[in-house]
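Descriptive analysis of the structure
Below are the chains, spelled out letter by letter.
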Amino acid sequence: MLLIVGTVPDETFPLTVGPAVLDGADMIVNGIRVPVNRGTPALVGAVLAACQVLGPMPVEIALVGDIGTGKGSRHLYEHLSRELPGMATTTLAFHYLQPDVDWHNKVLFAVEGMAKRPVLIADAGFMYAAKMSGQAQSYDLFTPDVGELSFLADEDAPHPFYTRGFILHQDKNVPDLIARAHEYQNGARHLLVKGSVDYVVEDGEITGQISKPAAEAMEAMGGTGDTLTGLVCALIESGKRIPDACRIAALVNRMAGMYADPTPACQVMDIILQIPKALARVLEEQEIIKNSVKNDG
């Protein structure tokens, strides 16, 4: 089972755990309708769209409202620390939560109590908490953008607000930031660095760079990084190796953007609707290449 953990910016949204379905531009979980525009709902939307091609897979959502105070996040942290040891989760993706080192450590301790350790993926606020706790290398995959990577690369920064300026100014030198994050053990074993060029990283080494296709309007569209993380989650849960899942996800996210023919007025749901077509094409092309290599051999 893939379990996706995150928040929505609505303090009245209750702690909700269960399967989700897509309905138009909304996600429905336990009868509650949530707009799929960005953040964790966009990640979930990408997962559900990918399942149309990858086939049905067990997906559950653990969601709560939080407007930045941390109250909802702490409620969700507490729930996870209590319930995770009894859950049969194979892929566990943490997304937008307020960083809280103490609660992060309790959740990670609960993970260690699970019968089988799941693949651990962290993005956004939970990735910050993982780095701040000194436990980054307990994770299998981080999916930072370049700004988030700068924080990972700063071995002294206790919080993203305190990332040192000379590191922030290296945002165009992604390979150096990757190397620095690895040197100080502030990155997961695998990284998918999201940006105008997507970098696939394993044990500090860049193993892939994806820059095409490119739709310039996607750069300013909120939520496309969330859809990329969602695609990676779905592909890993489907059985793909983490580096392969990262490469495929980057290609699919970009191709879905091209199919959507985005403008500055587009919403992330326009991208999500194109994911099945893009994913089917990328998987078909990779199968053709695989068979060609096999036949040549």
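Residues numbered from 1 in each chain as written. Predicted model: local features only at pLDDT ≥ 70, side-chain atom pairs only at ≥ 80, totals over all residues. Heavy atoms only, no water.

The next point concerns the overall build of the protein chain. The secondary structure content of the protein chain amounts to 11 helices and 12 strands. Its C-alpha radius of gyration of 18 Å places the protein chain within 12% of the 19 Å reference for a compact globule of 297 residues. Over its C-alpha atoms, taken along the principal directions, the protein chain stretches across nearly 55 × 45 × 40 Å. The buried share of the protein chain, reckoned over its 297 residues, is 53%. Long-range pairs, those at least 24 residues apart, make up 67% of the contacts in the protein chain with a sequence separation of at least 6. Looking at the protein chain as shown, the accessible area adds up to about 13100 Å², and 51% of this sits on carbon and sulfur atoms. Taking the average place of the 23 positive charges on the side chains of the protein chain and the average place of its 36 negative ones, the gap between the two points comes to 3 Å. (Helix = DSSP H or I, 4+ residues; strand = E, 2+ residues; numbered from the N terminus. Rg over C-alpha atoms; globule rule 2.2 N^0.38 Å. Buried < 20%, exposed > 50% of the residue type's maximum accessible area, 1.4 Å probe, protein only. Contact = heavy atoms within 4.5 Å. Areas by Shrake-Rupley, 256 points an atom, 1.4 Å probe, with all protein chains shown as cover. Lys, Arg positive; Asp, Glu negative; His and termini not counted. Charge placed at Lys NZ, Arg CZ, Asp CG, Glu CD.)

This brings us to the packing of aromatic side chains. Applying the stated criterion across every chain, the model contains five aromatic pairs. Aromatic side chains Tyr128 and Phe151 sit 5.2 Å apart centroid to centroid with 85° between the ring planes, which places their arrangement in the edge-to-face category. One end of the pair, Tyr128, is in helix α4 (residues 124-132); the other, Phe151, is in helix α5 (residues 146-153), with 23 residues separating them in the sequence. When its relative accessible area of 1% is taken as the criterion, Phe151 is described as buried. Following the ring pairs from residue to residue traces out a cluster consisting of Tyr77, Phe94, Phe126, Tyr139 and Phe142. (Phe/Tyr/Trp six-rings, centres within 6.5 Å; stacked < 30°, edge-to-face > 60°.)

With that out of the way, let us pick up helix α2 (residues 71-83). Compared with an ideal rise of 1.5 Å per residue, which puts 13 residues at 18 Å, α2 spans 19 Å between its outermost C-alpha atoms and is within 8% of the ideal. Contacts made by the buried residues of α2 are with β1 (2-8), β2 (16-18), β6 (59-65), β7 (91-94), α3 (101-112) and α4. (Expected span 1.5 Å × (residues − 1).)

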